[in-house]
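Fold and contact review
Here is how the chains run, residue by residue.
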Amino acid sequence: MSISDMVLQFSSRVRLLPTFDHGDCCRSLGFSGASKQLLRSRRERYLRKPGFLRQSWDFHGKFGRNPSICRCQRTDSVSELLGLGGNGSLLPEITEPGKATREEVKEKRLVTNGSSAIREEAKEKVSVTNGSPLASAGFYKETTTEDEAWELLQAAVVYYCGSPVGTIAANDPTDPNILNYDQVFIRDFIPSGIAFLLKGDYDIVRNFLLHTLQLQSWEKTIDCHSPGQGLMPASFKVRTVPLDGEDGATEDVLDPDFGEAAIGRVAPVDSGLWWIILLRAYGKCSGDLSVQERVDVQTGIKMILKLCLADGFDMFPTLLVTDGSCMIDRRMGIHGHPLEIQALFYSALLCAREMLAPEDGSADLVRALNNRLIALSFHIREYYWVDMKKLNEIYRYKTEEYSYDAVNKFNIYPDQIPPWLVEWMPGRGGYLIGNLQPAHMDFRFFSLGNVWSVVSSLATREQSEAILDLIEAKWTDLVAEMPVKICYPALEGEEWRIITGSDPKNTPWSYHNGGSWPTLLWQLTVACIKMNRLEVAAKAVEVAERRISRDRWPEYYDTKKGRLVGKQARLHQTWSIAGILVAKLLLRNPQAAKMLTCEEDAELVSAFYCMLDANPKRKRGRRRASKSYIV
């Protein structure tokens, strides 16, 4: 029996205890005008709830590098902040039905000081049921691959003033040309941060959130021009510099990069969106809401929102960005309104709405946020979605329509439908296209944008199921011998030369042009858990584990099936390591994925169907919303 079959069998029997979730509390407060004191009292009530297992997950230990000595004071630990006597974890308890007791599970989860010897001792104390499918499949016990991954992840940790603040992008021992891979990238740290949260090591995530927030206010100038306030850096580096006038004394300084030194000089639009998503995940997993309640953090959230919600010339609710402003950070023809940015934007808006403290000064911002959520969800679900039915509609579009009631609103020419798509699209399934602009639809399948649309509920439930159906149907194209294709298909021939500018790194089926990226496993896993399709994620993890350790954890893989290690791929790539760890940890504890997922808001659903009824293209007789919305 394969691992995926075992996970499917086990998932129907496992009993999961409820997790700490303050989302409903925050949402209710956001519209009631309640005070911060009420928020704190509700948090304390949640902390006192029975059924939560407080564990000692002090995973600090030896993080690989000696911290630099300086005169800065070490950040207080989360445990001290919460007053929980050295831990403070609120991770849910998982038991095998009728087998392991609470104390056995607690002993199994006990990890002290990051020591391998103590981890092994804790494992030996726990009697895992021999008949458990997860135990026999290796998901319930740590494997040698996981042990190696944790050691590599710890070795990648960066210190600032004696405290861990992030992980470097790669720690490749074979490549002397470091470039900027020795820096802490915001987007790259997200899977590392989630892995540490799942292990109960909250301090590194808290430090990362607060120190990157400080960098938000730094002056940033490119050729005498300064971007808008609220922009988060793409990355930062910890430098140790000598103190003036003191022999031998040094101090640590943070050196951020907002795109001034990046290849192509592109602004990292996704950094601030990922920061908000990680901030919410930290609060949900640790139970420490004091971080998101801080005045400086609330101000940081608002600055990011104001930058994203600023008025401009665009006619659409989607964010308009340049090429290379997200994970695909080189020229790949994604300028305009790429799906990845829209999915992260939607997710960040929902997370921010949960965390914003209710106050009079935020009323206009919350109103604008709600209006954007409604418009954005309608726009993506209605105009980005494609399946066989929609392909038939596009194929028969009339063009050059001039009216307020036009069906082909973006003047899409049917000849834009690429021949490969007609043959590739399965009868069951569909996906959200990569980009939409006037007279242009990018029909490429972008994995991150689609799976995060599932995670954030930007896609409807029916669309989310169809996206996972398509991934299963096109497994040999999107997963093959190493998950997951960043996009499909690759740009080739004249199209590659024109769109990428003949980029030698983005050759067909390499890097961002159809390469396979192991880090995308964790996002796929979260989406599968949300839709109760654990067997899909488990199958992908099983494929990756066959060779990724042997290949020394590369950044990406080349060729159509992902058979070769990327020709310019760094080894010991941190987010490849963390992506596998997070996927494994979440499959072992699916309930923990709730810190990343967003459920569909009832008011947004009502408003969406109200707008759908008003669309001249369809009349479905849906019940109209009781409220009116400004879009």
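**Focus on the pattern of salt bridges**
Inspection of every chain in the model, using the stated rule, returns 21 salt bridges. Linking Asp270 and Arg187 is a salt bridge whose minimum nitrogen-to-oxygen distance equals 2.7 Å. Taken together, the residues Asp270 in helix H11 (residues 269-286) and Arg187 in helix H9 (residues 186-198) connect sequence positions 83 residues apart. Residue classification places Asp270 among the buried residues on the basis of a relative accessible area of 0%. Among the charged side chains, a salt-bridge network with shared partners connects Arg428, Glu465, Asp469, Glu472 and Arg533.

**Re the packing of H11 against helix H13 (residues 295-309)**
At their nearest, the axes of H11 and H13 sit 10 Å apart, and the two run at 140° to each other. Considering the angle they form, H11 stands oblique to H13. Viewed along their axes, H11 and H13 form a crossing whose handedness is left-handed. Residues Gly272, Leu273, Trp275, Ile276 and Leu279 of H11 touch H13, and the partners they reach there are Val297, Ile301, Ile304 and Cys308. A breakdown of the residues in the contact of H11 with H13 according to their chemical character gives 8 nonpolar, 1 polar and no charged.

**Some points on the state of the cysteines**
All chains considered together, the criterion is met by 0 disulfides. Not engaged in a disulfide, the cysteine Cys598 finds its nearest cysteine sulfur in Cys351; these two sulfurs lie 4.3 Å apart. Judged by its relative accessible area of 4%, Cys598 is buried.

**Quick look at the sheet that holds strand S7 (residues 250-257)**
Read across the open sheet, the 3 strands follow the order S5-S6-S7; overall the sheet is antiparallel. Here the strands that pair on one side only, and so sit at the sheet edges, are strand S5 (184-185) and S7. Looking at chain direction, strand S6 (residues 235-242) and S7 are connected through 8 bridges and run antiparallel. Its bridge partner being in S7, Pro242 is matched across the sheet by Thr250.

Reading the values: rules and limits
Residues numbered from 1 in each chain as written. Predicted model: local features only at pLDDT ≥ 70, side-chain atom pairs only at ≥ 80, totals over all residues. Heavy atoms only, no water. Salt bridge = Lys/Arg side-chain N within 4 Å of Asp/Glu carboxyl O. Helix = DSSP H or I, 4+ residues; strand = E, 2+ residues; numbered from the N terminus. Buried < 20%, exposed > 50% of the residue type's maximum accessible area, 1.4 Å probe, protein only. Axes fitted to C-alpha atoms, helices over the stretch in contact; angles between N-to-C directions. Parallel < 35°, antiparallel > 145°, perpendicular 65-115°, else oblique. Left-handed = near helix turned anticlockwise from the far one by under 90°. Contact = heavy atoms within 4.5 Å. Nonpolar A, V, L, I, M, F, W, Y, C, P; charged D, E, K, R; others polar. Disulfide = S-S within 2.5 Å. Pairing = 2+ DSSP bridges.

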